[in-house]
Amino acid sequence: MSSDTADDTCCASCGKTPSGDIKLKKCACNLVKYCSVTCQKDHRSQHKAACKKKLAELFDEQLFAPPPPREDCPICFLPMPASADQTTYKVCCGKVICCGCLVAAANVENNTHSPKCPFCRNKAVNSDSKLVKQYRKRMEENNDCIATYGLAGMYLFGNMGLPQDTSKAIELLTLASEQGSLEAAVNLANMYDEGNGVTRDVKKFLHYTQMAAMKGNEQARFNLGAYEAEQRRNHVRATKHFAIAARAGYDAALPMCTAGYRSGVLTKEEFEQILRCHKDEKDSMKSEQRDIAMVELASQEHMFVGPK
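Residues numbered from 1 in each chain as written. Predicted model: local features only at pLDDT ≥ 70, side-chain atom pairs only at ≥ 80, totals over all residues. Heavy atoms only, no water.

Enquirer: Is there a simple way to explain the confidence of the model for the protein in this structure?
Expert: Parts of the prediction with low pLDDT should not have their coordinates interpreted in detail. Here the protein averages 92 in pLDDT, while 93% of its residues score no lower than 70. Across residues 1–5 the pLDDT falls below 50, and counting only partners more than four positions away or on other chains, this stretch makes 16 contacts in the model. For the stretch residues 302–308, pLDDT sits under 50, and the model shows 31 contacts to residues farther than four places along the chain or on other chains. (pLDDT = per-residue confidence, 0-100. Contact = heavy atoms within 4.5 Å.)

Enquirer: What is the right way to look at the packing of helix α4 (residues 145–157) against helix α5 (residues 166–179) in this model?
Expert: For any two helices packed against each other, one specifies the crossing angle of their axes together with the interaxial distance. Contact geometry for α4 and α5: axes closest at 8 Å, N-to-C directions at 165 degrees. Between α4 and α5, the angle is such that the two are roughly antiparallel. The two elements α4 and α5 cross, and the hand of that crossing is left-handed. Counting all contacts with α4, which are made through Cys-145, Thr-148, Tyr-149, Leu-151, Ala-152, Tyr-155 and Leu-156, the residues of α5 involved are Thr-166, Lys-168, Ala-169, Leu-172, Leu-173, Leu-175, Ala-176 and Gln-179. Looking at side-chain class alone, the contact of α4 with α5 contains 11 nonpolar, 3 polar and 1 charged residues. (Axes fitted to C-alpha atoms, helices over the stretch in contact; angles between N-to-C directions. Helix = DSSP H or I, 4+ residues; strand = E, 2+ residues; numbered from the N terminus. Parallel < 35°, antiparallel > 145°, perpendicular 65-115°, else oblique. Left-handed = near helix turned anticlockwise from the far one by under 90°. Nonpolar A, V, L, I, M, F, W, Y, C, P; charged D, E, K, R; others polar.)

Enquirer: Is there a simple way to explain the pairing of strand β3 (residues 87–90) in this structure?
Expert: Both faces of the sheet carry side chains from a regular strand, because those side chains alternate between them. The alternating pattern of β3 places Thr-87 and Tyr-89 on one face and Thr-88 and Lys-90 on the opposite face, and all of these are buried. Both β3 and strand β4 (residues 95–98) contribute to a ladder of 4 bridges, which runs antiparallel. Residue pairing for β4: Thr-87 is matched across the bridge by Cys-98. Remark: 4 residues form the turn of the hairpin made by β3 and β4, two consecutive strands paired antiparallel; Gly-94 in that turn has positive phi of roughly 75 degrees. (Buried < 20%, exposed > 50% of the residue type's maximum accessible area, 1.4 Å probe, protein only. Pairing = 2+ DSSP bridges.)

Enquirer: It is not clear to me how helix α2 (residues 99–108) should be interpreted in this structure. Could you clarify?
Expert: Note: α-helices contain 3.6 residues per turn, so residues at a spacing of three or four share the same orientation. Summarising burial for α2: 7 of the 10 residues are buried, a large majority. Burial in α2 covers these residues: Cys-99, Gly-100, Cys-101, Leu-102, Val-103, Ala-105 and Ala-106. Those residues of α2 that are buried are in contact with β3, β4 and α12 (288–297). Of the residues flanking the end of α2, it is Asn-110, one or two places downstream, whose phi is positive at about 55 degrees.

Enquirer: What exactly am I supposed to notice about the side chain of Glu-218 here?
Expert: Looking at the element boundaries, Glu-218 is found in helix α8 (residues 218–230). By relative accessible area, Glu-218 is classed as buried at 11%. Beyond its immediate stretch of four places on either side in the chain, Glu-218 contacts Arg-70, Ala-82, Ala-245, Ala-248 and Tyr-250.

Enquirer: Can you help me understand the state of the cysteines in this one?
Expert: Under the counting rule described, the total for this entry stands at 0 disulfides. Cysteine Cys-27 remains unbridged, with the sulfur of Cys-29 as its closest cysteine sulfur at 3.6 Å. Not part of a disulfide, Cys-35 finds its nearest cysteine sulfur in Cys-14, a span of 3.6 Å. (Disulfide = S-S within 2.5 Å.)

Enquirer: Would you mind going over the environment of Gln-289 with me for this structure?
Expert: Looking at where Gln-289 falls in the secondary structure, it is placed in helix α12. Each C-alpha atom, one on Gln-289 and one on Leu-102, is 9.8 Å from the other, the two residues being 187 residues apart in sequence. Not counting residues up to four positions away in its chain, the partners in contact with Gln-289 are Gly-100, Cys-101 and Ala-104.

Enquirer: Sorry, what's going on with the pattern of salt bridges here?
Expert: When charged atoms on two side chains of opposite charge get close, those side chains can pair. Using the criterion set out here, one finds 11 salt bridges in the structure. A salt bridge links Arg-70 to Glu-281, with the shortest nitrogen-to-oxygen separation between them at 3.3 Å. Highlighted residues: Arg-70 in the loop between α1 (37–63) and β3 and Glu-281 in helix α11 (residues 268–285), separated in sequence by 211 residues. Between Glu-228 and Arg-232 there is a salt bridge, with the nearest N and O atoms lying 3.1 Å from each other. Relative accessible area serves as the criterion here: at 4%, Glu-228 is assigned to the buried category. Here Arg-232 falls in the partly exposed class, since its relative accessible area comes to 44%. Residues joined by salt bridges that share partners form a network here, namely Asp-60, Glu-228, Arg-232 and Arg-237. (Salt bridge = Lys/Arg side-chain N within 4 Å of Asp/Glu carboxyl O.)

Structure follows, in structure tokens:
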């Protein structure tokens, strides 16, 4: 049976049906089944093209699926701001807190350095060595991806009394990515794209960027759009990525969607829907408290300690 449209109740190679010790296993593409590895190898030359095409289609279904909802601030319960610069990580409890709640807590205490964590109310440590110790503890005992990412940044730039060690930073960025840090994945992808501290590797750049994009990182999604447009000249796929990022509230993707509409890649209805989604998403992240915080933080960048 050489056809890929064959009945999947029998082996696509020899035609055997399940019975006794004979069990059929699906090919990764889900198009056909085989009774043995030998049959799968024998049938590969006939099935390879259809299998590759189907796998690409299945991957695209995952790649372009709607991203998961944005996480909420654990204090005000509003969706987190789109920009990581408007959040901060508190290593004492492992929580990421929005700028609005951080500044509000600082103002209540009348101290812009906010010595107590707004969430767990523990006092902030008073030395770099103690802060590094807290990061290591959360990384080792809690498998905390943001703590791992924070340590990677310290080694990458030689901060907090740690030596500058690019190899160690890449090791920690890789670990943080595997633990679930989307920011670590984006940074690691950029290093592979630029050959910064590593051998340039486009496959690894795409792997980490796609991984972060599918889990909801708008910067990664935008980077995929830029890659499709600039490297592959595929403006249809590029616009799909930009549209997903724009719907999620990512401002930099809007001009790209505008270009897609003007070039005919997007219809008027699709473009209008993207604009509405972008506005709704931005509105959901707004609050008076956050607006006040952004004004105050414009001249107080030292408020944010740890990974952004």
